[in-house]
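Secondary and tertiary structure notes
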Amino acid sequence: MPFSIVRNDIARVHADVLVNAANTHLAEGGGVCGALFAAAGREQMRAACDAIGGCPTGGAVATPAFNLPARWCVHAVGPIWRGGGHGEEATLRSCYQSMFARVVELGARSVAYPLISAGIYGYPAEAALAVAREETRAFLAKHDDIEVTLVVFDRSAVRLGSALEQEIREYIDDEYVAQSPHARRRGAELEREARWAADAEASAAAEPGSGAAGAAPVELDDLLEHLDAGFSETLLALIDQRGLADAEVYHRANLSRQLFSKIRSNPAYRPTKPTAVALAMALELDMPATQDLLSRAGLTLSRTSKFDVIVRFFLERGIYDIYQLNEALFAYDQPLVGSF
């Protein structure tokens, strides 16, 4: 499970490393910082931070986690937002890079972090999320065996950008209108009329002298002996067709190397829908190709659930960024895609 987003109090999240949104003095503050100090044990954490003495903006230092459900606490100092013209983005990137460097140095296998600088430091949530996304992606490209979790206390912290949010909202609304009882009734009428027409054609074709009468019936055994290729076989053929390396695919799909290995080695593998969707995104399949791949696992993308509709929105617009898709799914309280 390389990257996920959860809504929780970070002081209650279990991980090898919990990240504190710290200040340069490493002093106890409010928000995330206050929660972590309180859960760790104020006196112990304060003494450990005082022993270090401070940390520059854009840097990160480590202390024991004490009473937190973790082994270590990494204190990362993000920039205060001053309008965006004072190197805030570069400093925030440096902060994430320093944070991840401490994680590697500690030998941790999992890390949970908050959206740094997006709280009382005033960094716009949408921009802060973009930096977190890009730096996490770059880190996992080299360290895909470490689990990374973004922890937000309020779901609204994950902002998609006003234009994209509005587009998704309108798309969902349109799809739900299309699925209204009135629309379904009209659709059923059209399907019934088409079925009657097809039945009439079939009856005419079966008349004596038509050439169809007396045709040998298809046996069930014949059908079972000529099954279409399964999910794993189809997936591997698509990967070869596109000339992609396995690592490219499972990184793009936000899958662990171990899960991908299971899929590759098991011709009968049946993925969950989130995993199948993640692989379709990684291969940048269009809507028909995605439906075909999912059908090999007995799955489909319908128009009757928000999860399916949001995935369709991204596929139809050719947006294949798995991180952005998961942010949209999280914002609508839907399951994330990948190995979850």
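Here the structure is a predicted model, which means the values were calculated and not measured. (Residues numbered from 1 in each chain as written. Predicted model: local features only at pLDDT ≥ 70, side-chain atom pairs only at ≥ 80, totals over all residues. Heavy atoms only, no water.)

**A few points about the pattern of salt bridges**
As enumerated under the stated definition, the model contains 16 salt bridges in all. A salt bridge links Arg137 to Asp321, with the shortest nitrogen-to-oxygen separation between them at 2.8 Å. Taken as a pair, Arg137 in helix H4 (residues 125-142) and Asp321 in the loop between helix H13 (306-316) and helix H14 (322-331) lie far apart in primary sequence, 184 residues in all. Residue Arg137 is classed as partly exposed on the basis of its relative accessible area of 31%. Take Asp321: its relative accessible area is 17%, and that puts it in the buried class. (Salt bridge = Lys/Arg side-chain N within 4 Å of Asp/Glu carboxyl O. Helix = DSSP H or I, 4+ residues; strand = E, 2+ residues; numbered from the N terminus. Buried < 20%, exposed > 50% of the residue type's maximum accessible area, 1.4 Å probe, protein only.)

**Quick look at the packing of helix H1 (residues 31-40) against helix H2 (residues 42-52)**
The relative placement of two packed helices comes down to the angle between their axes together with the axis-to-axis distance. Look at H1 against H2: their axes get within 6 Å of each other, and the N-to-C directions meet at 115°. Considering the angle they form, H1 stands roughly perpendicular to H2. Each of Phe37, Ala38 and Ala40 in H1 lies in contact with H2, whose residues at this interface are Arg42, Gln44, Met45, Arg46 and Cys49. Residue composition of the contact of H1 with H2, by class: 5 nonpolar, 1 polar and 2 charged. (Axes fitted to C-alpha atoms, helices over the stretch in contact; angles between N-to-C directions. Parallel < 35°, antiparallel > 145°, perpendicular 65-115°, else oblique. Contact = heavy atoms within 4.5 Å. Nonpolar A, V, L, I, M, F, W, Y, C, P; charged D, E, K, R; others polar.)

**Quick notes on the packing of aromatic side chains**
Applying the stated criterion to the full structure yields 8 aromatic pairs. Here the aromatic rings of Phe313 and Phe314 are separated by 5.7 Å at their centres, their planes lie at 70°, and the arrangement is edge-to-face. The same class applies to Phe313 and to Phe314, which are both buried. Grouping aromatic residues by their ring pairs yields a cluster made of Tyr96, Phe100, Tyr113 and Phe139. Sitting above the plane of the Tyr323 ring, Arg137 keeps its charged end 4.5 Å from the centroid. (Phe/Tyr/Trp six-rings, centres within 6.5 Å; stacked < 30°, edge-to-face > 60°. Lys NZ or Arg CZ within 6 Å of the ring centre and 35° of its normal.)

**Things to note about the side chain of Asp308**
With respect to the element layout, Asp308 can be found in helix H13. Look at Asp308 and you get buried, because its relative accessible area is 3%.

**Let's talk about the pairing of strand S6 (residues 147-152)**
The element S6 is extensively covered by neighbouring structure, given that 5 of its 6 residues are classed as buried. Inspection of the sheet shows strand S5 (residues 110-113) paired to S6 by 4 bridges, in the parallel sense. Bridging across to S6, Ser110 finds its partner in Glu147. Of the crossover connections in this fold, the one passing from S5 over H4 to the parallel S6 is right-handed. (Pairing = 2+ DSSP bridges. Right-handed = clockwise from strand over helix to strand, strands pointing away.)

**Quick notes on the nonpolar core**
If you look at the biggest cluster of nonpolar residues, it comprises 80 residues, and the most contacted ones within it are Tyr96, Met99 and Tyr113. Apart from the residues lying within four places of it in its own chain, the contact partners of Tyr113 are Phe3, Ile10, Val19, Tyr96, Met99, Phe100, Ala132, Thr136, Val148, Thr149, Leu150 and Val151. Residues Cys55, Val61, Leu68 and Val151 belong to the second largest nonpolar core, which totals 22 residues. (Core = buried A, V, L, I, M, F, W, Y, C linked by side-chain atoms within 4.5 Å.)

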